[in-house]
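Reading the structure
Chain residues, written in single-letter form:
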Amino acid sequence: MKKMINKIPALLYGAVFGIANVIPGVSGGTMMVVFGCYDIICGALALDFKHIKKHFFFLLAFAFGAAAGIFGFSFAAKYLFENYPVPTFLFFIGLILGSFPVISKKLFSKGKLKVYHIIFMFIALAAVIGLSLAGESAETAEAVYQTDILTAVKFFSGGFAAAAAMIIPGISGSFMLVLFGVYNLIITAVTELDLFVLIPAGIGILCGLVLGAKAIKFLLSRFHTAVYSIITGLVAGSVFAIFPSALRFDLTLFIGIIAFVSGLMISFMTGRKKFER
């Protein structure tokens, strides 16, 4: 019973990760950094079986939570995003800002920063801001839904790009689906179990997760401080990317402030729990 109770946080982390990946602009990778389990999840996605065995029960609970977040709470998350964007985004901003003590520990765990680390940080920050601004003006027309090979390839490509982005802090997997013009089609396919959409998109997602995680695991093992410098910039830039533009001094803003403080406290308290790499 005690072991099961200890896995409840992992279940909740997975649920938030899943919900984050449903909302365009919110980064699931950032949520992994927020909850201090980024290295654990990337190691598992890279198919490091020794690593998977070591963290098996944590990963199992996280996977169940992620599935629940994507399939069980996607309707609620989308409803909140569309109808109460300010409190929803401020909650996620609170989660992100509360994670910086954890990120700083990772950043300085291998030694002091060099000048090029700081340069990497600002380049990553600028990249997320630039991508966010580009996305606001990008054409996001949906793909023509035809049951042909070209459309299937587009679903595969969108799924691959979204999955690779999903594990990069600061980059939204759902936002990549929007840029590929398949976001609404894939979200609808999930609710309707449309296999023509789900199979190629699912294969693309699987390939993107494994290859992306292998690349990140390789880079972390050799360039830890440089990678976390980039992660710091990406996470900082994600605050700009999801900052609500329609702030008004009304009840919604008051609720948003409460949501922000709640996210900040959840992230800060969670960050006190240390995970083994």
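Procedures and definitions
Residues numbered from 1 in each chain as written. Predicted model: local features only at pLDDT ≥ 70, side-chain atom pairs only at ≥ 80, totals over all residues. Heavy atoms only, no water. Helix = DSSP H or I, 4+ residues; strand = E, 2+ residues; numbered from the N terminus. Buried < 20%, exposed > 50% of the residue type's maximum accessible area, 1.4 Å probe, protein only. Contact = heavy atoms within 4.5 Å. Areas by Shrake-Rupley, 256 points an atom, 1.4 Å probe, with all protein chains shown as cover. Phe/Tyr/Trp six-rings, centres within 6.5 Å; stacked < 30°, edge-to-face > 60°. Disulfide = S-S within 2.5 Å. Salt bridge = Lys/Arg side-chain N within 4 Å of Asp/Glu carboxyl O. Core = buried A, V, L, I, M, F, W, Y, C linked by side-chain atoms within 4.5 Å. Patch = residues over 30% accessible without salt bridge, like charges linked within 9 Å, V, L, I, M, F, W, Y side chains within 5 Å. Expected span 1.5 Å × (residues − 1). Polar contact = N/O pair within 3.5 Å; in protein donor to acceptor, adjacent residues only side chain to side chain. pLDDT = per-residue confidence, 0-100. Axes fitted to C-alpha atoms, helices over the stretch in contact; angles between N-to-C directions. Parallel < 35°, antiparallel > 145°, perpendicular 65-115°, else oblique.

**Some details on the overall build of the chain**
Across its full length, the chain carries 16 helices and zero strands. Expressed as a percentage of the 277 residues in the chain, the buried residues total 46%. A fraction of 82% describes how many contacts in the chain between residues 6 or more apart in sequence connect residues 24 or more apart. For the chain, the exposed area adds up to about 14500 Å²; of that, 74% sits on carbon and sulfur atoms.

**Describing the packing of aromatic side chains**
Applying the stated criterion to the full structure yields seven aromatic pairs. An angle of 45 degrees between the planes, with centres 5.5 Å apart, marks the rings of Phe 17 and Phe 62 as tilted. One end of the pair, Phe 17, is in helix H2 (residues 8-22); the other, Phe 62, is in helix H6 (residues 56-72), with 45 residues separating them in the sequence. Per residue, the accessibility class of Phe 17 equals that of Phe 62, and both read buried. Within the aromatic cluster, the residues linked to one another by ring pairs are Phe 17, Phe 58 and Phe 62.

**Topic: the state of the cysteines**
Applying the stated criterion across every chain, the model contains zero disulfides. There is no disulfide at Cys 42, and the cysteine sulfur nearest it, in Cys 37, is 9.4 Å away. Looking at Cys 42, the relative accessible area reads 1%, which means it is buried.

**Some remarks on the side chain of Thr 232**
Of note, Thr 232 is situated in helix H15 (residues 224-242). By relative accessible area, which is 9% here, Thr 232 ends up buried. In this structure, Thr 232 is in contact with Phe 100, Ile 103, Leu 107 and Met 121, ignoring residues within four places of it in sequence.

**A short note on the pattern of salt bridges**
Overall, the coordinates contain one salt bridge when judged by the stated rule. Taking the shortest distance from any N to any O, the salt bridge between Lys 217 and Asp 48 comes out at 3.2 Å. Residue Lys 217 is found in helix H14 (residues 195-222), and its partner Asp 48 is found in the loop between helix H4 (38-45) and helix H5 (49-54); the two are separated by 169 residues along the sequence. On the accessibility criterion, Lys 217 (34% relative accessible area) is partly exposed.

**Overview of the nonpolar core**
Membership of the largest hydrophobic core comes to 45 residues, with the highest contact counts inside it found for Met 31, Met 32, Tyr 38, Ile 41, Phe 58, Phe 62 and Ile 231. Ignoring any residue separated from it by four or fewer positions in sequence, one finds Phe 62 in contact with Ala 10, Tyr 13, Gly 14, Phe 17, Met 32, Cys 37 and Ile 41.

**Digging into a nonpolar patch on the surface**
A cluster of nonpolar residues, Val 115, Tyr 116, Ile 119, Phe 120, Ile 123 and Ile 230, forms a patch on the protein surface that exposes about 550 Å² of accessible area. Of the residues forming the nonpolar patch, the biggest block, five residues, is contributed by helix H10 (residues 115-137). Locating Ile 230 in the fold gives a position in helix H15. With relative accessibility at 34%, the residue Ile 230 sits in the partly exposed group.

**Considering helix H8 (residues 85-97)**
Taking 1.5 Å per residue as the helical rise, H8 with its 13 residues ought to reach 18 Å, and the 18 Å between its terminal C-alpha atoms agrees with that figure. For H8, a buried count of ten out of 13 residues is recorded, marking the element as mostly surrounded by other parts of the structure.

**As for the side chain of Thr 88**
The topology assignment puts Thr 88 in helix H8. We classify Thr 88 as buried; its relative accessible area is 11%. Here the side chain of Thr 88 touches Tyr 84 through a polar contact of 2.8 Å, landing on its backbone oxygen.

**Thoughts on the confidence of the model for the chain**
Counting all residues, the mean pLDDT for the chain is 78, and 84% of those residues have values of 70 or more. Taken together, the stretch residues 1-5 has pLDDT below 50 and engages in zero contacts with residues farther than four places along the chain or on a different chain.

**Observations concerning the packing of H14 against H15**
At a closest axis distance of 5 Å, the pairing of H14 and H15 adopts a crossing angle of 120 degrees. Judged by the angle between their axes, H14 and H15 are oblique. Residue-level inspection shows Leu 219, Leu 220 and Arg 222 of H14 in contact with H15, the latter providing His 224, Val 227 and Tyr 228.

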